[in-house]
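The chain contents come next:
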Amino acid sequence: MCMIDLHVHSIFSDGELIPSEIVRRCANIGYEGVAITDHADFSNISFILKELEKLKDFRDDYDIPMLLGVELTHIPPKLIGKAVELAWKEGAEIIIVHGETIVEPVKEGTNYYAVQEEIDILAHPGLIDLETAEMAKENGIYLEITTRKGHCLTNGHVANVAEEVGCELVINNDAHAPSDFVNVELAKKILKGAGVKRIDKVFENSIKIMKRRLK
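As the structure is a prediction and not an experimental result, all values here were calculated from the model. Going along each chain's sequence as written, the residues are numbered from 1 onward. This being a predicted model, a pLDDT of at least 70 is required before a residue's local features are given, and a value of 80 or more before pairs of side-chain atoms are given or counted; all residues contribute to the totals for chains, interfaces and linings. As a rule here, side-chain values come from all non-hydrogen atoms in the structure, and water together with hydrogens is ignored.

Q: Looking at this model, I keep getting lost on unusual backbone geometry. Mind explaining?
A: Peptide bonds are mostly trans, and most non-glycine residues show a negative phi. One non-glycine residue with positive phi stands out, namely His 74, at about 55°. Each residue is placed in one exposure class: buried if its accessible area under a 1.4 Å probe, protein chains only, is under 20% of its type's maximum, exposed if it is over 50%, and partly exposed if it falls in between. By relative accessible area, which is 41% here, His 74 ends up partly exposed.

Q: What is the right way to read helix α8 (residues 199-214) from this model?
A: Since the α-helix advances by 3.6 residues per turn, residues separated by three or four positions end up pointing in the same direction. Strands are runs of DSSP state E lasting at least 2 residues, helices are runs of H or I lasting at least 4, and numbering of each runs from the N terminus. Any helix carries an expected span of 1.5 Å times its number of residues minus one. For α8, which comprises 16 residues, the first-to-last C-alpha distance of 24 Å matches the rise-based estimate of 22 Å (1.5 Å per residue) to within 8%. Inspection of α8 places Ile 199, Val 202, Phe 203, Asn 205, Ser 206, Ile 209 and Met 210 among the buried residues, and these make up the whole buried set. The arc that holds every buried residue of α8, seen down its axis, measures 145°, which confines them to one face. Note that the arc is computed from the directions linking the helix axis to the C-beta atoms.

Q: Please explain a nonpolar patch on the surface as it appears in this structure.
A: Residues enter a patch when their relative accessible area is above 30% and they make no salt bridge; the linking distance is 9 Å between like charges and 5 Å between nonpolar side chains (Val, Leu, Ile, Met, Phe, Trp, Tyr). All accessible areas in this document rest on Shrake-Rupley with a 1.4 Å probe, and a residue is counted as covered only by the protein chains that are shown. The salt bridge definition used is simple: a Lys or Arg side-chain nitrogen within 4 Å of an Asp or Glu carboxyl oxygen. A contiguous nonpolar surface patch, about 410 Å² in accessible area, is contributed by Ile 102, Val 103, Leu 127 and Leu 153. If you trace the backbone, Leu 127 turns up in the loop between β5 (121-123) and α5 (130-138). Residue classification places Leu 127 among the exposed positions, given a relative accessible area of 59%.

Q: What is the right way to read the nonpolar core from this model?
A: Burial of nonpolar side chains together is a common tendency in soluble globular proteins. In terms of nonpolar packing, the biggest core is built from 59 residues, with Leu 72 and Leu 143 touching the most fellow members. Ranked by residues supplied to this core, first place goes to helix α6 (residues 155-165) with five residues. Those residues in contact with Leu 72, other than ones at most four positions away along the chain, are Ala 40, Ile 45, Ile 80, Ala 83, Val 84, Ile 95, Ile 96, Val 97 and His 98. As used here, the term nonpolar core means buried Ala, Val, Leu, Ile, Met, Phe, Trp, Tyr and Cys residues forming a set that is joined through side-chain atoms within 4.5 Å. Membership of the second largest hydrophobic core comes to eleven residues, among which are Ile 4, Ala 35, Val 170 and Ile 209. Contacts are residue-level and defined by heavy atoms, with any inter-residue pair within 4.5 Å sufficient.

Q: Help me understand the side chain of Thr 132 in this model?
A: The topology assignment puts Thr 132 in helix α5. Judged by its relative accessible area of 2%, Thr 132 falls in the buried class. If we skip the residues at most four places from it in the chain, Thr 132 touches Asn 111, Tyr 112 and Val 115.

Q: Please clarify how the sheet that holds strand β7 (residues 169-172) should be interpreted in this entry.
A: Strand-to-strand pairing in sheets goes through backbone hydrogen bonds, with the strands running parallel or antiparallel. When DSSP finds two or more bridges between a pair of strands, those strands are recorded as paired. Strand order in the open sheet made by the seven strands is β1-β2-β3-β4-β5-β6-β7, with parallel pairing throughout. The strands lining the two open edges of the sheet, one partner per strand, are β1 (4-8) and β7. Taking each pair of neighbouring strands and ignoring which way they run, the sheet shows an average axis angle of 30°. Packing of α6 onto the sheet brings it into contact with β6 (142-146) and β7, and relative to β6 it is tilted by some 150°. Interaxial angle, 0 to 180 degrees, is taken between N-to-C directions of lines fitted to C-alpha atoms, where a helix line uses only the stretch in contact.

Q: Help me understand the pattern of salt bridges, please; the structure alone is not making it clear to me.
A: For side chains bearing opposite charge, pairing can occur when the charged atoms are close. Under the definition given, this model contains eleven salt bridges. Two residues, Arg 213 and Asp 120, come together in a salt bridge whose shortest N-O distance is 2.8 Å. Here the residue Arg 213 occupies a position in helix α8, and Asp 120 occupies one in the loop between α4 (110-114) and β5, the gap between them amounting to 93 residues. A relative accessible area of 22% means that Arg 213 is categorised as partly exposed. Among the residues examined, Asp 120 registers a relative accessible area of 1% and is labelled buried. Residue Asp 200 is joined to Arg 198 by a salt bridge in which the shortest nitrogen-to-oxygen separation is 3.0 Å. Look at the salt bridges and you will find they share partners, linking Lys 56, Arg 59 and Glu 93 into a network.

Q: Is there a simple way to explain the packing of helix α7 (residues 184-193) against α8 in this structure?
A: Angle between the axes and distance between the axes: these two values describe a pair of packed helices. At their nearest, the axes of α7 and α8 sit 10 Å apart, and the two run at 120° to each other. The angle between the axes of α7 and α8 places the two elements in the oblique class. For the pair α7 and α8, the crossing hand works out as right-handed. Contacts between α7 and α8 involve Val 184, Ala 187, Lys 188, Leu 191 and Lys 192 on the former and, on the latter, Ile 199, Val 202 and Phe 203. Here the angle decides the label: under 35 degrees means roughly parallel, over 145 means roughly antiparallel, 65 to 115 means roughly perpendicular, and every other value means oblique. Take the far helix as your reference; a near helix turned counterclockwise from it by less than a right angle gives a left-handed crossing, and one turned clockwise gives a right-handed crossing.

Written as structure tokens, this is what we have:
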């Protein structure tokens, strides 16, 4: 099993690291891929993707593959679709949506509207309901198990709901600082602690997303 982190923040939103250091640190602890997905709304989607695009010509010289995208955050639920459309238009290679974590005031309905759009991952979806998880499954959207403090409080619920409806999972760090990256062994334990039965499948899902989006 190998770790690919598809949810990391850089200095282009509220992260502490420039993209190159993110990639270097991930490679150093044994990851086999990473996605830089900075917090975005209509005010900065274009800015983030324009800055990250500068890395595209140099990616072959980095230690591990990287995807460049955004995490759409605190956008009014009914506007999520417009934000997704704009992000793809501006060159995003991966799009995730900041789900209804219980430790932040995310507007109710965010999960429901997000899973109806062309996104890859619904991040830390909190107390997601069965209907929304079923829609995520139908639309090929992955639910996130997270290693991040606070957001991880509902990992068990997310795992249970995903198991019940057959929705696929990924594990990410939602890293903002160097200390947020966990090694592969700890990631396995976090998945086991959440009650995930097919841990190997979770890691395979991240590989699948990385390969599809790099094309």
